[in-house]
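Single-letter residue listing:
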Amino acid sequence: MDFSYYKYLKFINKQPKVTYHNLVDRYKLDTLDARNVLITLAKNEYLTHIGDTYYISTFKGKHFIKSLVSEWLFKNLLAIIDLIIAIFGVIIAFIALFKG
């Protein structure tokens, strides 16, 4: 699932329940595209299907930004630590260069 779906999810989280008509009206999508967005989000467990045409956001859907940030930090934590150490090394090298 790419990032274009997250703008729809952000809109859906502000609504108590949503149908594909809401997406058609808000984002000027055609009916098939709006249904595909809702179905894709539901398959990825960001939405739950209720009734015949309504969807509501799940816990995973409501906290998707926090999950994305946490996941990104966890995957890149070692690189971030290496970058911080390298920056401090450069600063110490400049200090030693100008003192010596």
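Look above for the structure.
Residues numbered from 1 in each chain as written. Predicted model: local features only at pLDDT ≥ 70, side-chain atom pairs only at ≥ 80, totals over all residues. Heavy atoms only, no water.

(A) Highlighting helix H3 (residues 31–43). Between the first and last C-alpha of H3 there are 18 Å, a value that for 13 residues agrees with the 18 Å anticipated at 1.5 Å per step. Within the sequence span of H3, burial applies to Ala34, Val37, Leu38 and Leu41. One side of H3 carries all its buried residues, which in axial view fall inside an arc of 90°. Of the exposed residues in H3, those oriented more than 90 degrees away from the buried face are Leu32 and Lys43. The inward-facing, buried residues of H3 abut helix H1 (4–13), helix H2 (20–27), strand S1 (47–50) and strand S2 (54–57). Glu45, located one to two residues past H3, shows a positive phi value of around 65°. (Helix = DSSP H or I, 4+ residues; strand = E, 2+ residues; numbered from the N terminus. Expected span 1.5 Å × (residues − 1). Buried < 20%, exposed > 50% of the residue type's maximum accessible area, 1.4 Å probe, protein only. Arc of directions from axis to C-beta. Contact = heavy atoms within 4.5 Å.)

(B) A look at the packing of H2 against H3. Their axes nearest at 8 Å, the elements H2 and H3 cross at an angle of 120°. By the criterion of interaxial angle, the relationship of H2 to H3 is oblique. In terms of crossing hand, the pair formed by H2 and H3 is right-handed. Contacts between H2 and H3 involve Tyr20, Leu23 and Val24 from the former and Thr31, Ala34, Arg35, Val37 and Leu38 from the latter. Tallied by class, the residues present in the contact of H2 with H3 amount to six nonpolar, one polar and one charged. (Axes fitted to C-alpha atoms, helices over the stretch in contact; angles between N-to-C directions. Parallel < 35°, antiparallel > 145°, perpendicular 65-115°, else oblique. Left-handed = near helix turned anticlockwise from the far one by under 90°. Nonpolar A, V, L, I, M, F, W, Y, C, P; charged D, E, K, R; others polar.)

(C) Looking closely at the nonpolar core. Counting residues in each nonpolar core, the largest one holds 18 residues, and the members touching the most others are Leu9, Ile12, Leu23, Leu38, Leu41 and Leu47. Elements that contribute at least two residues to this core include exactly H1, H2 and H3. When residues of this core are assigned to their parent elements, the largest contribution, six residues, is made by H1. Contact partners of Leu9, with chain neighbours within four places excluded, come to Leu41, Tyr46, Leu47, Gly61 and Phe64. (Core = buried A, V, L, I, M, F, W, Y, C linked by side-chain atoms within 4.5 Å.)

(D) Examining the pattern of salt bridges more closely. Per the counting criterion, the structure on display carries one salt bridge. Between Lys75 and Glu71 there is a salt bridge, and its shortest N-O distance comes to 3.2 Å. Residue Lys75 and its partner Glu71 are located together in helix H5 (residues 64–99), separated by four residues, close to a single helical turn. Judged by relative accessible area, Lys75 falls into the exposed class, the value being 61%. The class for Glu71 is partly exposed, based on a relative accessible area of 42%. (Salt bridge = Lys/Arg side-chain N within 4 Å of Asp/Glu carboxyl O.)

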